[in-house]
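Residue-level structural notes
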Amino acid sequence: MSRLGDLFGTDDGEYHPDLPADPDVGEVLLRVDGLTKHFPDTGALGGLHLDRDGDGPLPLSVEREWVRAVDDVTFDVKRGETLGLVGESGCGKSTLARTILRLVEPTDGAVYFRGRNLATLGTSALREVRQDVQLIFQDPQSSLNPRLSVGRIVEEPMRAHGMLDEAGREERARDLLEAVGLDPQHYNRYPHAFSGGQRQRINLARALSVEPDLIVCDEPVSALDVSIQAQVLNTMRDLQDEFGLTYVFIAHDLSVIRHISDRVAVMYLGKVVELAEKEELFENPRHPYTRALLDSIPVPDPRASGERGVLAGDVPSPVDPPAGCRFHTRCPALIAPDSVDLTDEEWDAVRRFARAVDRREFAATDAADIRERYFDGGFPRGEAGEVVKDAVAAIERDDWEDARSLLVGAFVAESVCAREDPEYETDPEYGDDRHFVACHLQRETDQTY
Ligand code: SF4
């Protein structure tokens, strides 16, 4: 059988030797293990290269490139909990959700649900499992068929899975409408008669109709007003208790994630970079990216001041993600290469200067001005200082690219951050669960993951 299973066969999947098929609350219901999804780059110039030295009829070559949307992602979801998945848009969260449910085929890795690997299931076995694993999308408007009454919409999954007879389905649909906070008398109304929040409640009722164990929620409240968001989130919590549900909850908004989650995974450029219990993650964030995300939450007090660590710089392309730690091109805490012999203060100044040059944060100016702006105590000593002076000279002659490549070559490319993929587990300050941090700052004190 192929690694991704016989798509058209009846393969009922590999079973994990250590994962329960009928987990109790707190045991692993879902294990995502090394899950990877790469898409061929279909952009306008995807894979097209200028090849001036080529001997073909055109100075172009085509080489297939891959968008590395999800790369080697691993985590567990325990029965009865809500795992929040957060990150900037384009970080791979939604692709991860779709790959877990095999709405898109994984490139590599395994997804164990109730101990069985969904990635190796044949079509009919997968169809059965889809009754137990439901997905709720962001846009409640477009995910509801406008030509069907809400009653029919809620009944559709039951009909597809052969559950109950007509009368039984109607009774269950009315009960579910009530359970999600809608009036069962509205069974015959159509989606356009409902508000955004009510439509998302209809989606919830539809997902619940087939008695799922797990609901993967992809930005379910981000299209709603803030006041409605809280109501829908509270309903989801109540339904979780009532029906014993487990959620994977995807959002870009940390306040939403904080409201609903028990544990939180932070994603950046296709990878999970931090995972911990909610309180541990929010009170003791260890990854510089998580800290930057938390710092970028708007401050409600307009009198609050001070420099905030708002994320700067563009997210790199997932076609060619940075080597080592993928956050290293934006990280304010980049670790000095072993070969660089500087004090912490000197390194801090060099790092700030290198980042500013990379982003061209200041207008080209002379050496005295740069020195005053970034190196208050004077340019650093030794070889590092010589590199800095060469970079400053390049800026003076308006050759920013040369300055950038000098600084990247000497200080960034040599850093462990750019050379090794970090994976560490550490003891938490809050709660009992181990705290996963993909950052080399943990390397001295913590044990390797
Ligand atoms: S590994 Fe290095 S670049 Fe990555 S987050 Fe940690 S300090 Fe920053």
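For every chain, the first residue of its written sequence is number 1, and the numbers climb from 1 along that sequence. Residues qualify for local features only when their pLDDT is at least 70, as the model is predicted, and side-chain atom pairs are given and counted only at 80 or more; totals for whole chains, interfaces and linings, by contrast, use all residues.

Take the nonpolar core next. Of all hydrophobic cores here, the largest spans 109 residues; its most connected members are V111, V216, V248, F249, V266, A391 and L407. With sequence-adjacent residues up to four places away left out, V248 is seen in contact with V77, L83, L85, A97, V216 and C217. Residues of type Ala, Val, Leu, Ile, Met, Phe, Trp, Tyr and Cys that are buried and joined through C-beta atoms within 7 Å form what is called a nonpolar core. Each residue is classified by how many other C-beta atoms fall within 10 Å of its C-beta atom, where C-beta atoms are placed from the backbone; a count of 20 or more means buried, 12 or fewer means exposed, and values in between mean partly exposed. C-beta atoms are first placed from the backbone for all residues, and any pair lying within 7 Å is then listed as a contact.

Our next topic: the packing of helix α5 (residues 196-208) against helix α6 (residues 226-243). Here the axes come from fitting lines to C-alpha atoms, over the contacting stretch only for helices, and the angles between their N-to-C directions go from 0 to 180 degrees. In DSSP terms, a helix is any run of H or I states spanning at least four residues, a strand is any run of E spanning at least two, and both are numbered starting from the N terminus. Their axes nearest at 10 Å, the elements α5 and α6 cross at an angle of 15°. It follows that α5 is roughly parallel to α6 by the angle criterion. As α5 runs across α6, the sense of the crossing is right-handed. Along its contact with α5, which presents G196, G197, Q200, R201, L204 and L208, the element α6 presents I228, Q231, V232, T235, M236, L239 and F243. Considered class by class, the residues forming the contact of α5 with α6 number seven nonpolar, five polar and one charged. With respect to orientation, any angle under 35 degrees is reported as roughly parallel, any angle over 145 as roughly antiparallel, any angle of 65 to 115 as roughly perpendicular, and every other angle as oblique. Left-handed describes a crossing in which the near helix is turned anticlockwise from the far one by less than a right angle; the clockwise case is right-handed. Residue polarity follows a fixed list, in which Ala, Val, Leu, Ile, Met, Phe, Trp, Tyr, Cys and Pro are nonpolar, Asp, Glu, Lys and Arg are charged, and the others, Gly among them, are polar.

Read across the open sheet, the four strands follow the order β4-β1-β6-β7; overall the sheet is antiparallel. With partners counted over all chains shown, the strands left at the sheet margins are β4 (66-78) and β7 (116-117), one partner each. Sheet topology places strand β6 (residues 108-113) next to β7; two bridges connect them, and they run antiparallel. Following the sheet pairing, Y112 is matched in β7 by N117. The rule for pairing is simple: two strands pair if DSSP sees at least two bridges between them.

We now examine the site of the ligand. In this entry, near means the residue's backbone-placed C-beta atom lies within 6 Å of the molecule or strand. Near the ligand you find 14 residues, and of these C325, H328, C331, C417 and C439 are the closest. Residue composition of the shell around the ligand, grouped by class: 11 nonpolar, three polar and no charged.

Let us look at the packing of helix α12 (residues 382-396) against helix α13 (residues 400-412). Between α12 and α13, the least distance of the axes is 7 Å, while the angle of their chain directions is 165°. As the angle between them shows, α12 and α13 are arranged roughly antiparallel. The two elements α12 and α13 meet at a crossing, and its hand is left-handed. Where α12 approaches α13, its residues V387, D390, A391, A394 and I395 are matched on the opposing element by W400, D402, A403, L406, L407 and A410. Looking at the contact of α12 with α13 residue by residue, the class counts come to nine nonpolar, no polar and two charged.

Right, let's talk about unusual backbone geometry for a bit. Leaving glycine aside, a negative phi is the common case for residues, and trans is the common case for peptide bonds. Its identity as a non-glycine residue notwithstanding, E211 has a phi of 55°, on the positive side. Along the chain, E211 turns up in the loop between α5 and β9 (214-218). The residue E219 is not glycine, and still its phi comes out positive at about 50°. As for its placement among the helices and strands, E219 is situated in the loop between β9 and α6. In this structure E219 comes out as buried when scored by C-beta crowding, with 20 C-beta atoms within 10 Å.

In this section: the confidence of the model for the protein chain. Keep in mind that low pLDDT regions are not for reading the predicted coordinates in detail. This prediction gives the protein chain a mean pLDDT of 89; 88% of its residues lie at or above 70. Within a predicted model, pLDDT stands for the predictor's per-residue confidence, ranging from 0 to 100. Segment residues 302-309: pLDDT under 50, and six contacts once partners within four positions in sequence are set aside and those in other chains are kept.

Another point: α6. Multiplying one less than the number of residues by 1.5 Å gives the expected span of a helix. Between its first and last C-alpha, α6 extends 26 Å over 18 residues, near the 26 Å set by a 1.5 Å rise per residue. Looking at α6, one finds that the buried residues are Q229, V232, M236 and L239. Viewed along the axis of α6, the buried residues span an arc of 90°, placing them on a single side of the element. Away from its buried face by more than 90 degrees, α6 exposes S227, D241 and E242. The reported arc concerns the directions from the helix axis to the C-beta atoms and nothing else.

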